[in-house]
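# Fold and contact review
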Amino acid sequence: MRLHKNLNELPAFVNTALTVGTFDGVHKGHQKLIQRLNQKATTIGGQSLIITFHPHPRSVVKTEPNIQLINTIEEKVELLKKYGIQNLVIVPFNRTFSNQSPKEYIENFLIKNFNPKVIIIGYNHKFGKDRAGDINLLKKQSEYLGFEIEEIEAHEIEDISVSSTKIRKHLLSGKIELANNLMGHNYTLCGTVVKGQQFGNKIGFPTANLNIANPNKIIPAAGIYATLVTTNKQQFKGMLYIGNRPTLLGKNQSIEVNIFNFDKNIYGEQLTLQPIKKTRNDKTFSSIQEMTTAIEQDKIEVEKVLEKF
């Protein structure tokens, strides 16, 4: 997959089949659309191309400034690589871009930059200033600008939209298995290992504390999760805790993982977590000993979940 981030440095595209969207989650609905896009590109002897935006348009035009995202842009890029897209264009979304008229968007953005032969788009796709452009305008423009419009059926668009909404709700309620099933791949949390209070060392469960840089990234509900952990291209099993550590009178959210059979110093390094299943909710214990006993049982439960991995 070729990744393009600068509109001033795009190659001369020929015979492109393109679609436009946020693709948050790159879930099963998106994957069906990507499959169709790739098939269309093959049919016309051209290239498949996805246009997405960063930051999320709704956070720029202030309709949803604190939007919660299933994927960071980096995670989205890695996922789209897996599904055979030939070109991914990440458009820097800002006020100037959002103020283009719908015709300017079509002629000066889509046609001038991407030379599409086919545009695959949903009936409810809006574009241009005040989101005034729609598929009817695209169809009208296509007649003299020389591209074909393929419309995604309403029920398919609804499925894609509903899936994204469901995934967000499942993550926020800790139903990680349901979210992973809708996506067709595991949810990921990526962050930098930072120094914590090192309380885990004292009770025999040292943890790597994660700082998640993107404030819009969805953090699953508080609790204990069986998780896969990747560091330096090596994968381990682990036990993830998300919560404010109420037994220790914590006030801030903590994201920390006990990596099984691992004792390296990884401060400052990047970890990628793939939560597989939530094994229990967060809770307040009456003593440190009661909490330690519970964590020992947690590890047994997590190991059972991760046996197949």
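Computed from a prediction, not measured in an experiment: that's the story for all the values here.

Further remarks concern the nonpolar core. By size, the foremost hydrophobic cluster in this structure holds 27 residues, and its most contacted members are L171, Y187, V257, I259 and L271. Among the secondary structure elements, those contributing two or more residues to this core are α7 (154-172), α8 (176-183), β7 (189-194), β8 (208-211), β9 (223-231), β10 (234-243), β11 (254-259) and β12 (270-281). Setting aside its immediate chain neighbours within four residues, Y187 contacts I70, L171, I176, N180, K217, I218, I219, P220, L273, Q274 and P275. F53, Y105, I119 and I135 belong to the second-largest nonpolar core, a separate cluster that totals 25 residues.

In space, the six strands of this closed barrel follow the order β7-β8-β11-β10-β9-β12, with antiparallel pairing throughout. Strand-to-strand twist of the sheet, defined as the mean angle between neighbouring strand axes without regard to direction, takes the value 45°. Across six bridges, the pairing between β10 and β11 is antiparallel. Across the sheet, the residue bridging to G243 is S254, located in β11. Sheet strands touched by helix α10 (residues 288-305): β9, β10 and β12. Its angle to β12, the strand with the most contacts, is close to 105°.

Quick look at the layout of surface pockets now. Within this model, the largest pocket holds a volume of roughly 1100 Å³. Taken together, 40 residues line the largest pocket, and the ones lying closest to its centre are T22, R58, H125, K126 and R131. Contributions of two or more residues to the lining of the largest pocket are made by β2 (16-20), α1 (28-43), α2 (57-60), α4 (95-98), β5 (116-122) and α7. Of the residues that constitute the lining of the largest pocket, the class distribution is 15 nonpolar, 16 polar and nine charged. Roughly 780 Å³ of volume is contained in the second largest pocket. Lining the second largest pocket are 42 residues, and of these G200, F205, P206, T207 and E256 lie nearest its centre.

A sheet is described by the order of its strands in space; here six strands give the open sequence β1-β4-β3-β2-β5-β6, paired in parallel fashion. Looking at which strands have only one partner, the edges of the open sheet turn out to be β1 (2-4) and β6 (148-152). Across this sheet, the average inter-strand angle for adjacent strands is 20°, counted without regard to direction. Relative to strand β4 (residues 87-92), β1 is paired through three bridges, and the arrangement is parallel. Bridge pairing in β4 places H4 opposite V89.

Counted under the stated rule, the structure contains 10 aromatic pairs. Ring centres of F53 and F93 lie 5.6 Å apart, and the angle between their planes is 80°; this geometry places the pair in the edge-to-face category. Taken together, the residues F53 in strand β3 (residues 47-54) and F93 in the loop between β4 and α4 connect sequence positions 40 residues apart. F93 shares its class with F53; the two are buried. Look at F53 and F97: their rings are 5.7 Å apart centre to centre, the planes differ by 55°, and that puts the pair in the tilted class. Within this pair, whereas F53 is found in strand β3, its partner F97 is found in helix α4, the two being separated by 44 residues in sequence. Both residues of the pair, F53 and F97, count as buried. Through a chain of ring-to-ring contacts, the aromatic side chains of F13, F53, F93, F97, Y105, F109, F114 and F127 assemble into a single cluster.

About the thresholds
Residues numbered from 1 in each chain as written. Predicted model: local features only at pLDDT ≥ 70, side-chain atom pairs only at ≥ 80, totals over all residues. Heavy atoms only, no water. Core = buried A, V, L, I, M, F, W, Y, C linked by side-chain atoms within 4.5 Å. Buried < 20%, exposed > 50% of the residue type's maximum accessible area, 1.4 Å probe, protein only. Helix = DSSP H or I, 4+ residues; strand = E, 2+ residues; numbered from the N terminus. Contact = heavy atoms within 4.5 Å. Pairing = 2+ DSSP bridges. Axes fitted to C-alpha atoms, helices over the stretch in contact; angles between N-to-C directions. 1 Å grid on protein atoms, 1.4 Å probe; cavity = no way out; pocket = protein on both sides within 12 Å on 5 of 7 lines; lining within 4 Å. Points joined across faces, edges and corners; volume = space filled by probe spheres on them. Nonpolar A, V, L, I, M, F, W, Y, C, P; charged D, E, K, R; others polar. Phe/Tyr/Trp six-rings, centres within 6.5 Å; stacked < 30°, edge-to-face > 60°.

That's the geometry; what it means functionally is another story.
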